[in-house]
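Descriptive structure summary
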Amino acid sequence: MYTKDEISRIDIPKVKVVDTVGVGDAFTGAFASALIAGKPIKEAHQFSIKKAAFICTQEGAWPIN
């Protein structure tokens, strides 16, 4: 992620990928919600990476965990 003033580079966590359905939506939703809550770019980026990684470990579009 980057803005004109900041660059955020975060390594992607290694997870056992079960399904990638919804990962982009999860990342985007988490990132947007963190920014709306006033989090800095780096913190919003980390939050969205963690959410997207979790979704990769779930089967289907509606994880139950």
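See the structure shown above.
Summarised in this report is the structure supplied together with it.

About the cut-offs
- Residues numbered from 1 in each chain as written.
- Predicted model: local features only at pLDDT ≥ 70, side-chain atom pairs only at ≥ 80, totals over all residues.
- Heavy atoms only, no water.
- Helix = DSSP H or I, 4+ residues; strand = E, 2+ residues; numbered from the N terminus.
- Buried < 20%, exposed > 50% of the residue type's maximum accessible area, 1.4 Å probe, protein only.
- Contact = heavy atoms within 4.5 Å.
- Polar contact = N/O pair within 3.5 Å; in protein donor to acceptor, adjacent residues only side chain to side chain.
- Phe/Tyr/Trp six-rings, centres within 6.5 Å; stacked < 30°, edge-to-face > 60°.
- Lys, Arg positive; Asp, Glu negative; His and termini not counted.
- Salt bridge = Lys/Arg side-chain N within 4 Å of Asp/Glu carboxyl O.
- Expected span 1.5 Å × (residues − 1).
- Arc of directions from axis to C-beta.

**So, the environment of T57**
With respect to the helices, strands and loops of the structure, T57 is situated in the segment after α2 (41–56). Classification of T57 by relative accessible area gives partly exposed; the value is 28%. Those residues in contact with T57, other than ones at most four positions away along the chain, are V15, K16 and V18. At 2.6 Å, the side chain of T57 forms a polar contact with the backbone oxygen of F54.

**Here we look at the packing of aromatic side chains**
Across all of its chains, the model carries one aromatic pair by this definition. Taking 6.2 Å as the distance between ring centres and 5 degrees as the angle between the ring planes, the aromatic pair formed by F27 and F31 counts as stacked. Of this pair, F27 and F31 both sit in helix α1 (residues 23–36), four residues apart, which is roughly one turn of that helix.

**Quick word on the side chain of D19**
Residue position: D19 is located in the segment before α1. Here D19 occupies a buried position and makes no salt bridge, while the nearest side chain of opposite charge, K16, is found at 13 Å. In terms of polar contacts, D19 uses its side chain to reach the backbone amide nitrogen of V21, at 3.0 Å.

**What about α2?**
Helical geometry: 3.6 residues make up each α-helical turn, so side chains three or four residues apart lie on a common side. When the terminal C-alpha atoms of α2 are compared, their 22 Å separation across 16 residues agrees well with the 22 Å that a helix rising 1.5 Å per residue should span. Among all positions in α2, only I41, A44, H45, S48, I49, A52, A53, I55 and C56 are buried. All buried residues of α2 project into a common sector of 165 degrees when viewed along the axis, lining one side. Buried positions along α2 lie against α1.

On their own, these measurements won't tell you what the molecule is for.
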